[in-house]
Amino acid sequence: MNPSMRIQFVLTLLLTWGLQAASKPNIVFILADDLGIGDVNCYGGERCQIETPNIDALAAGGVRFTDAHPNASVCGPTRRAIMTGRYPWRFGSTVNNGPWGFCGPRPNTEKSTLGKLFKKSGYRTGYVGKWHLGTTMVTKDGKNQGLTNVDFTKPLIHGPVQFGFDYSFILPGSLDMYPYAYARNNVWQGEVTAQKGWSAFNRVGPAEKDFQDHEVLETFYTEAEAFIGRQKKEDPFFLFLALTAPHTPTSPGVKWRGKSKLGVYGDFVMEVDHSIERVMSALKAKGLDQNTLVLFSSDHGSAPYAGNILKATPVQIHQLEAKGHYPSGPHRGYKFSVYEGGLRVPLIAHWLGVIAQGQTCDALVGLNDFMATFAELTGVKLEKDQAPDSISFANLLKDPKSKGTRKNLILQSVTAFAVRDGEWKLCVCPGSGSNINSPNANGNDPMPGVAWAKALAAFDGKLNETDLLKAPFVQLFNVAEDPHEDKNLAAENPKRVSQMIGLLKEQIQHGRSTSGAKLKNDKNVRIVNPRDRRLPDSLRQRLSASRSKGL
Ligand SMILES: [Ca+2]
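The structure presented is a predicted model; accordingly, all values stated were derived computationally and were not measured.

Cut-offs used in this document
Residues numbered from 1 in each chain as written. Predicted model: local features only at pLDDT ≥ 70, side-chain atom pairs only at ≥ 80, totals over all residues. Helix = DSSP H or I, 4+ residues; strand = E, 2+ residues; numbered from the N terminus. Buried ≥ 20, exposed ≤ 12 C-beta atoms within 10 Å, placed from the backbone. Axes fitted to C-alpha atoms, helices over the stretch in contact; angles between N-to-C directions. Parallel < 35°, antiparallel > 145°, perpendicular 65-115°, else oblique. Contact = placed C-beta atoms within 7 Å. Nonpolar A, V, L, I, M, F, W, Y, C, P; charged D, E, K, R; others polar. pLDDT = per-residue confidence, 0-100. Pairing = 2+ DSSP bridges. Domains from an automatic or database assignment. Left-handed = near helix turned anticlockwise from the far one by under 90°. Core = buried A, V, L, I, M, F, W, Y, C linked by C-beta atoms within 7 Å.

Of the regular secondary structure elements, the protein holds 14 helices and 17 strands. In the protein, which comprises 551 residues, the share counted as buried stands at 53%.

Written as structure tokens, this is what we have:
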């Protein structure tokens, strides 16, 4: 390189760095809890009976993704994948574990997080809302944290602080998972001396004496506004606002009751919609709306037990559908299932001056992709072992019609894997893939008992475990042509089934799905584990009979 070329090269580098430093956007990510894709008007259309003016306005001013997915159809694993960019099934078991909101952390979840990523790039980081990623509490007897032994006068040993959040205000589990108490920067707030509970799941447990279920969203909105209010124009910030709604108990704030035409469920969704209004107003008040990327999504689809009765009530969701409101939109199934009703969610991005108005993007995106996307937007280079399943979709924010970077995606119900490869989706189970022991999953048809009985009856002869990776025990759908997943094409496409199982095996064995050196999973991962007690006994009996009779 001659001297003039060298000077030009250095000037170019300085200019690039300068532009990056000047253009670091603030980022606010709002995550709803159990909000179905059909609960949002700009997705549900005529099948949606709830007004969501603020989410719709966010979409009208930015880009609406139509093929976005959480990695699981339940809360915990999805949140783990969002926070780390790593598939949730790669993590090991929880430690110090107790029931519901007393759940302990999974080792390594805190190792590489969104909080730490943003801090590395010089951001102020805030987390407000539902946590559900596991905490370690001080116990009076030194045993695992639980209903009777937590010392609420002592701070959390392990919580958002350990995940790289400068400021946090959390509910450790969810709105129907005790303890019903907030922790600010790992310190319990108020006096946790009461016993309360609102859910039909009989989850009555420790609560702060003034804690009210219908005040939680308003409390989180006030906290989020205050966090934004403390920010300075010159320092970028990241805020993760994780709502507790419309998850049961369906308990909107007093001023939201009666707002929707649909009933109390609609009222609660409207209070979720209000989160956008509060965040956008707070940004505008601080003059931060011009350089802030606002994202909105849901942790998975709506629960079959949610509806117009405050308490969780089995299969209540069908009563909403009878009124013309379909929380899963055009899709089949709900929370817990392997079908799109549980696994396809709204995802909207709004960024003035960068994202053009009124865009839609049909590319395949996973919520595990935030980590790599944010790394790209903030100019952080991920280490080789960080976010091993995260692929940046930053290019889609700037040009929603450009080619998506993600070709495949691993999903899961509570008991089964699913693999997306282009338009194809392989569900590695018969039926909905929900838990045979969970009456709360009812409504996810066909339920596992029925589906497995039918598949076992259709299979002749000796059954080996490897047979469980083929028809009639798997389902193959083209989700572009068949959004309701009615036409199972597995039996007529054995080669495609086998290729997609191969893809899943490779991504399990490699410890990562992005390019790079092989990594280790924190536990042994099996595609189908017949010893899983959430699968029916009939499966174990058939395998055992095949072995003993040499059929
Ligand atoms: Ca949830």
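Relative orientation of the contacting elements helix α3 (residues 53–60) and helix α7 (residues 264–285) amounts to 55°, with a least axis distance of 7 Å. On the basis of the axis angle, α3 is oblique to α7. Where α3 abuts α7, its residues Pro53, Asn54, Ile55 and Leu58 lie against Asp273, His274, Ile276 and Glu277. A class-by-class count of the residues in the contact of α3 with α7 yields 4 nonpolar, 2 polar and 2 charged.

Let us look at the confidence of the model for the protein. Looking at the protein, pLDDT values average 95 and 95% of them are 70 or higher. Across the protein, the secondary-structure element scoring lowest on mean pLDDT is helix α1 (residues 3–22), at 45, and the one scoring highest is strand β16 (residues 424–427), at 99. In this model, residues 9–22 is a region of pLDDT below 50 whose contacts with residues beyond four sequence positions or in other chains number 2 contacts.

With that settled, the discussion passes to the sheet that holds β16. One open sheet accounts for 4 strands, arranged β14-β15-β16-β17; its pairing is antiparallel. Of all strands in the sheet, those bounded by a partner on one side alone are β14 (408–412) and β17 (475–478). Strand-to-strand, the axes of this sheet are offset by a mean angle of 15°, without reference to chain direction. Here strand β15 (residues 417–421) pairs with β16 via 4 bridges, running antiparallel. Counted as the bridge partner of aspartate 421 is tryptophan 424 from β16.

Segmenting the protein into domains produces domain 1 (25–406) and domain 2 (410–549). Across the contact, 38 residues belong to domain 1 and 36 residues belong to domain 2. Listed by contribution, the elements that provide at least two residues to the side of domain 1 that touches domain 2 are α8 (317–322) and α9 (340–343). If you tally residues by element for the side of domain 1 that touches domain 2, the top one is α9, at 3 residues. Classifying every residue of the side of domain 1 that touches domain 2 by side-chain character gives 22 nonpolar, 10 polar and 6 charged.

Contact geometry of helix α6 (residues 216–229) with α7 gives a least axis separation of 9 Å together with a crossing angle of 20°. Of the possible angle classes, the one that applies to α6 and α7 is roughly parallel. For the crossing formed where α6 meets α7, the hand is right-handed. The residues of α7 that touch α6, namely those facing Leu217, Tyr221, Ala224, Glu225, Ile228 and Gly229, are Glu271, Ser275, Arg278, Val279, Ala282 and Leu283. Taken together, the residues of the contact of α6 with α7 sort by class into 7 nonpolar, 2 polar and 3 charged.

What follows concerns the environment of lysine 259. Checked against the element boundaries, lysine 259 lands in the loop between β9 (237–246) and α7. Using a count of 20 C-beta atoms within 10 Å as the deciding quantity, one classes lysine 259 as buried. Sequence spacing of lysine 259 and glutamate 383 is 124 residues, and the spatial spacing of their C-alpha atoms is 48 Å. Aside from chain neighbours lying at most four places away, what touches lysine 259 is Asp267 and Met270.

We now examine the environment of serine 302. Note on placement: serine 302 falls in the loop between β10 (292–298) and α8. A residue is classified by how many C-beta atoms lie within 10 Å of it, and serine 302, with 29 of them, is buried. Placed 260 residues apart in sequence, serine 302 and cysteine 42 show a C-alpha to C-alpha distance of 16 Å. Discounting chain neighbours no more than four positions away, the residues touching serine 302 are Asp34, Leu35, Gly36, Asp39, Ile317, Pro327, Ser328, Tyr334 and Lys335.

What follows is about the nonpolar core. Counting 149 residues, the largest nonpolar core has Ile30, Leu239, Leu241, Leu243 and Val474 as its most contacted members. Sorting elements by how many residues they give to this core places α7 first, with 10 residues. The residue makeup of this core includes at least three contributed by each of domain 1 (25–406) and domain 2 (410–549). Once residues lying within four places of it in the same chain are set aside, the contact partners of leucine 239 are Val28, Gly126, Val128, Ala224, Phe227 and Ile228.

Another point: the environment of asparagine 395. Along the polypeptide, asparagine 395 turns up in helix α11 (residues 394–398). Looking at asparagine 395, the number of C-beta atoms within 10 Å reads 15, which means it is partly exposed. Along the chain, asparagine 395 and leucine 352 lie 43 residues apart, while their C-alpha atoms are 16 Å from each other. The residues touching asparagine 395, leaving out its near neighbours within four places in the chain, are Ser402 and Thr405.

On to the pairing of strand β2 (residues 63–69), then. The buried fraction of β2 amounts to 6 of the 7 residues, a majority that puts the element mostly inside the structure. Relative to strand β11 (residues 345–350), β2 is paired through 4 bridges, and the arrangement is antiparallel. When the sheet's bridge partners are listed, arginine 64 is paired in β11 with isoleucine 348. Sheet topology places β2 next to strand β12 (residues 359–361); 3 bridges connect them, and they run parallel.

Our next topic: the pairing of β10. In terms of residue burial, β10 counts as a mostly covered element, since 7 of its 7 residues are buried. Of the two faces of β10, both are covered, the one formed by Thr292, Val294, Phe296 and Ser298 as well as the one formed by Leu293, Leu295 and Ser297. Relative to β10, strand β1 (residues 26–33) is paired through 7 bridges, and the arrangement is parallel. Looking across to β10, one finds that asparagine 26 is bridged to threonine 292. Pairing between β10 and β11: 4 bridges, direction antiparallel. Along β11, the bridge assignment pairs valine 294 with histidine 350.

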